[in-house]
Structure formats: C-alpha cells, structure tokens
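Coordinates in review
What follows is each chain in one-letter form.
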Amino acid sequence: MKLSENTLSVLKNFASINGGVVLSSGKVQKTISPEKSILVEATVDDDIPTQFGIYDLNQFLGNLTTLRNPELTFSSDAVKLDDGELSFDYRACSANLIITPPDKDLVLKSVDVTFSLPNVTLQKLIKVATMNNLPNLSVVGKNGELLLKIHERANDTSNSGTIKIGDYAGKDFIATFKTDNLKLLPNDYTVEIQERAFAKFEDAAKTLKYFIALETK
C-alpha cells in the first residue's frame, strides 16, 4: 500500500502533538499529547493492516519523503518501505514506550457553548497571536456577543484582539485555551465547549475530532 496525501497530512499533524504514535488497524487513528491536553481522532483514507508503534514519527515521515512515497508492507515487527530502488525495513516499537490515548472514547458531559469556526478566522487569529507572543485564545460570551479574543490572560495590559463570531444570549462566559494547543489541520470546525473542562472541534465530514483542554487556573 501507499499512504495517501490525506493520511500523510494527518500523521504530520499527529507528529506536532506527540513525537510517537501507535497506529491502529483500520482507518481510525488517534494520538494524545504527552501533557494529555490535546486528543485527536482522525479517520484517514488508508486502511492500516495491523497495529504498529512508531517511536519517532518525524523520522518515519522523513523516510517516506526521502523514498518519495514508497510502497509499504506491514508486518507485526516492521514495515518495509520500497521505492523500487531502495528497500528499507523500519522496525516497530512497543506501545508501552509511547503515550497513547485511553481506549474509552472521550465525550463532553455537557455543552455550554456551540459555534462555527471557519478556518480562515482561526488561522488569522493564530498568526496574529504568534506575531505578538500572545499565549491565549479565549471564547468570550458577553453583552449579546460571542467573541474570540487573543491576549495574555495573566496580563490585563497586553496587546489583544477580538473577532465576533456570533450572537450570545446566555450568562457571561469565558473559556481560555493555550494558543500552542490549537494544532488543528486547516479546516472549518464546529466547536462545542464544556465549561472548565475541554472543547471538541469537529469538521463537517466528521473525520477529524480534536479534544483540547481549557485553562482552568
């Protein structure tokens, strides 16, 4: 089998969240950050034939790039990468050496706020936040408006910016993320937030789910 661009994009995204991954047999793949503040579930195009642990995911992806998307043949202890010239055996590692997501699916116990988040909006906010060293993005419900705010939560005098993303009729609400945790593949998402816990970001095709912890301190 050869990995599709969709699968490669997902694996590159996984590598930004956790240096290692345990691929599951099938099309549904998951990873979790070492701090357990980001959990991702992705349905990819390719059907992985067997569970396979990769200790250094960036190294594995580098081999795929160097061999220019080789043919992959999985076994229980290795995957053979073959580009027609070079045949390279990449050894599996034990799942015990990698921080992996829990077997149980993560679900929100309650949903306090729901909104649509276009990719262009998120990317603009992240770019400006990075440019200005702003570590937080907050969802703010106040005075009839639902806003996304980039700022430094611990510093009231920091630079800040807001974008209105909808109307809001509930009680005053604020949910804050670390901008560093918003490592989402470019897409439009529906966001559901459980106050003082975490948020779920899900794309329209329901092939990507990100569960990202809120800052509670």
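Here is a short report on the structure shown in this document.

The rules behind each value
- Residues numbered from 1 in each chain as written.
- Predicted model: local features only at pLDDT ≥ 70, side-chain atom pairs only at ≥ 80, totals over all residues.
- Heavy atoms only, no water.
- Axes fitted to C-alpha atoms, helices over the stretch in contact; angles between N-to-C directions.
- Helix = DSSP H or I, 4+ residues; strand = E, 2+ residues; numbered from the N terminus.
- Parallel < 35°, antiparallel > 145°, perpendicular 65-115°, else oblique.
- Left-handed = near helix turned anticlockwise from the far one by under 90°.
- Contact = heavy atoms within 4.5 Å.
- Pairing = 2+ DSSP bridges.
- Buried < 20%, exposed > 50% of the residue type's maximum accessible area, 1.4 Å probe, protein only.
- Arc of directions from axis to C-beta.

1. A closer look at the packing of helix α1 (residues 5–15) against helix α2 (residues 57–66)
Where α1 meets α2, the closest approach of the two axes is 9 Å, and the angle between their N-to-C directions is 150°. Considering their axes alone, α1 and α2 lie roughly antiparallel with respect to each other. The hand of the α1/α2 crossing is left-handed. Every residue of α2 that contacts α1 at Leu 8, Leu 11, Lys 12, Phe 14 and Ala 15 is listed here: Leu 57, Asn 58, Leu 61 and Leu 64.

2. Some remarks on the sheet that holds strand β6 (residues 78–82)
Strand order in the open sheet formed by three strands is β5-β6-β7, and the pairing between neighbours is antiparallel. The two strands at the open ends of the sheet, each matched to only one other strand, are β5 (71–74) and β7 (87–91). Strand-to-strand twist of the sheet, defined as the mean angle between neighbouring strand axes without regard to direction, takes the value 20°. Taken together, the four bridges between β5 and β6 define a ladder with antiparallel strand orientation. When the sheet's bridge partners are listed, Leu 72 is paired in β6 with Leu 81.

3. What about the pairing of strand β15 (residues 208–213)?
Inspection of the sheet shows strand β3 (residues 38–48) paired to β15 by five bridges, in the antiparallel sense. Note on β15: the bridge partner recorded for Glu 41 is Lys 209. Here strand β14 (residues 198–203) pairs with β15 via five bridges, running antiparallel. By the bridge assignment, Ala 199 is partnered in β15 with Ile 212. Joining the antiparallel neighbours β14 and β15 is a turn of four residues, in which Lys 206 adopts a positive phi near 60°.

4. Examining unusual backbone geometry
The phi angle at Arg 68 is positive, at roughly 55°, despite the residue not being glycine. By relative accessible area, Arg 68 is classed as exposed at 74%. Despite not being glycine, Asn 69 has its phi angle at roughly 55°, a positive value. Here Asn 69 lies in the loop between α2 and β5. In this structure Asn 69 comes out as partly exposed when scored by relative accessible area, which is 28%.

5. A few points about the environment of Ser 33
Summarising the element assignment, Ser 33 is placed in the loop between β2 (26–32) and β3. On the accessibility criterion, Ser 33 (2% relative accessible area) is buried. Considered as a pair, Ser 33 and Thr 73 are 40 residues apart in the sequence and their alpha carbons are 28 Å apart. Ignoring anything within four residues of it in the chain, the contact list for Ser 33 reads Ile 17, Ile 38 and Ile 99.

6. Overview of α2
All buried positions along α2 are accounted for by Leu 57, Phe 60, Leu 61, Asn 63 and Leu 64. Buried residues along α2 cover an arc of 155° about the axis, so they all sit on one side. Across from the buried face of α2, at angles greater than 90 degrees, the exposed residues are Asn 58, Thr 65 and Thr 66. Each element contacted by the buried residues of α2 is listed here: α1, β1 (21–23), β4 (52–54), β5, β6 and β7. Count one or two residues on from α2 and you reach Arg 68, which has phi positive near 55°.

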